[in-house]
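# Reading the structure
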Amino acid sequence: MRTYLVTGGAGFIGSNYIHYMFEKYGDEIRIINVDALTYAGNLENLRDIEKRPGYSFIRADICDKDAIERIFADNDIDRVVHFAAESHVDRSIRDPEIFVRTNVLGTAVMLNAAKASWELPDGGYREGKRFLHVSTDEVYGSLGETGYFYETTPYSPHSPYSASKAGSDMLVKAYMDTYRFPANITNCSNNYGPYQFPEKLIPLMINNALSGKPLPVYGEGKNVRDWLYVRDHAKAIDLVMEKGRLFETYNIGGHNEKQNIEIVNIIIETLREMLPDTDPRRAHINSSLITYVKDRKGHDLRYAIAPDKIKNEIGWEPETMFKDGIRLTIQWYFEHEDWMKNVTSGDYQKYYEEMYL
Ligand code: NAD
Ligand code: DAU
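Bear in mind that the values here come from a model prediction, so they are computed numbers and not experimental data. (Residues numbered from 1 in each chain as written. Chains lettered and ligands numbered in written order. Predicted model: local features only at pLDDT ≥ 70, side-chain atom pairs only at ≥ 80, totals over all residues. Heavy atoms only, no water.)

### Digging into the site of ligand 2
For ligand 2, the set of nearby residues contains 23 residues, the closest of which are Thr 136, Asp 137, Tyr 161, Arg 296 and His 299. The backbone of Tyr 218 places a nitrogen or oxygen atom 2.9 Å from an oxygen atom of ligand 2. Here ligand 2, which alone exposes 690 Å², has 94% of that area covered by the protein. Of all elements in the fold, only helix H6 (201–210) and strand E8 (215–218) reach the threshold of two or more residues within the shell around ligand 2. With 3 residues, the top contributor of residues to the shell around ligand 2 is E8. (Near = heavy atom within 4 Å. Polar contact = N/O pair within 3.5 Å; in protein donor to acceptor, adjacent residues only side chain to side chain. Areas by Shrake-Rupley, 256 points an atom, 1.4 Å probe, with all protein chains shown as cover. Helix = DSSP H or I, 4+ residues; strand = E, 2+ residues; numbered from the N terminus.)

### A look at the environment of Thr 270
Here Thr 270 lies in helix H8 (residues 260–274). Separated by 47 residues in sequence, Thr 270 and Asn 223 place their C-alpha atoms 21 Å apart. Contact partners of Thr 270, with chain neighbours within four places excluded, come to Ile 326, Arg 327 and Ile 330. (Contact = heavy atoms within 4.5 Å.)

### A few points about H6
Across the 10 residues that make up H6, a large majority, 8, are buried. Burial in H6 covers these residues: Ile 202, Pro 203, Met 205, Ile 206, Asn 207, Asn 208, Ala 209 and Leu 210. For H6, the elements touching its buried residues are strand E7 (191–192), E8, H8, helix H10 (322–335) and helix H11 (337–345). Of the residues one or two after H6, Gly 212 is the one with positive phi, at around 70°. (Buried < 20%, exposed > 50% of the residue type's maximum accessible area, 1.4 Å probe, protein only.)

### What to know about the sheet that holds strand E2 (residues 29–35)
As summarised here, the arrangement of the 7 strands in space is E3-E2-E1-E4-E5-E6-E11, forming an open sheet in which the pairing is parallel. Two strands lie at the open edges of the sheet, namely strand E3 (55–59) and strand E11 (249–252), each paired on one side alone. When the angles between neighbouring strand axes are averaged without regard to direction, this sheet yields 20°. The pairing of strand E5 (residues 130–136) with strand E6 (residues 183–188) spans 6 bridges and is classified as parallel. Counterpart to Val 134 in the pairing with E6 is Thr 186. Taken strand by strand, helix H4 (residues 97–118) contacts strand E1 (2–7), strand E4 (79–82) and E5, and its axis lies near 165° from that of E5. (Pairing = 2+ DSSP bridges. Axes fitted to C-alpha atoms, helices over the stretch in contact; angles between N-to-C directions.)

Structure below.
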């Protein structure tokens, strides 16, 4: 039985990944979810699996060397999937330091603890041990109207968030180059789907529209992102872990570029299609809610991933068309009004105390 240490498993992508893995492997795997439960970590995301055999949760900060080393000492970890990070660009512009701490120092702590636990006296590593560092396409900087990010594209991060993720990627590369540490890096485009914290574009727009609040579009709304349904990302991570060549980077993307204003209009249209005529919220959901606001500082114009390498080597391709993924996402938010209420009121942070203390 393989044992996974998943960092940041109470966040958006981490919790979707844990669900995906138990659906795929069932009782064949053990997952230890290590998360500090910052504002972005929500154990309600894992409520349906928290009692299943094979799953356990440890509240720990990845920068806490002693706590992380203890987890490796107490468990024979086979795979590390490292999601934990500060993830929101706007927050990084206001308060960069925590991004450096968590994303750079935290990654160094994780690498060191895994290396110490896995290495053999001859400098090699115990059989089958692997570390996957989950990163972002933002490390490549910004594209103009044309072109794509490849694995060979030079790093050129602009925001404190992307600079800190680039720093963490460089540390992983340094461990691979210096110590032949058994790792991979994945750089993925924008994810959307269930359990995404409503500070990010798609859940923020869904939530505001349903509440009849303005839809704040930065600048002219012409910035382009490449959207990927989160479950497709979870599948890609698993495939890279199992089939990827060690020491390689794989770009993961949705082949689904859209301007922000297009996304907002699709959300308005889809909400109107999906809400019954009798629902009173339907009347106020229209383009008059769109409000153009001050642009993000240093706002990257366009991201677009070329996922050729992962397709050719591993056979992964995005499976969920945006028109389907956005409906699945909206349906999930319809069915989880309490989740959204708890998150926006801050009540979700009490869940840990109620459940675990
Ligand atoms: P998120 O903000 O939803 O979740 C981050 C999780 O990490 C939370 O559960 C939080 O509590 C935890 N965490 C934060 N600091 C921690 C610390 N010091 N110790 C332990 N846990 C800590 O983020 P997400 O959107 O799920 O992103 C996950 C990873 O994927 C990040 O590394 C991010 O850079 C990367 N990524 C995200 C996207 C995206 O579109 N969201 C795309 C590409 C890559
Ligand atoms: O590309 C991958 C990255 O995607 C991840 O590494 C990050 O963790 C993730 O947060 C995301 O970063 P973005 O900055 O692209 O995502 P965000 O949802 O914050 O914004 C998407 C676009 O929408 C961006 O151009 C800014 C714009 N925007 C965002 C918000 C929150 C708005 O116009 N209005 C808003 O209110």
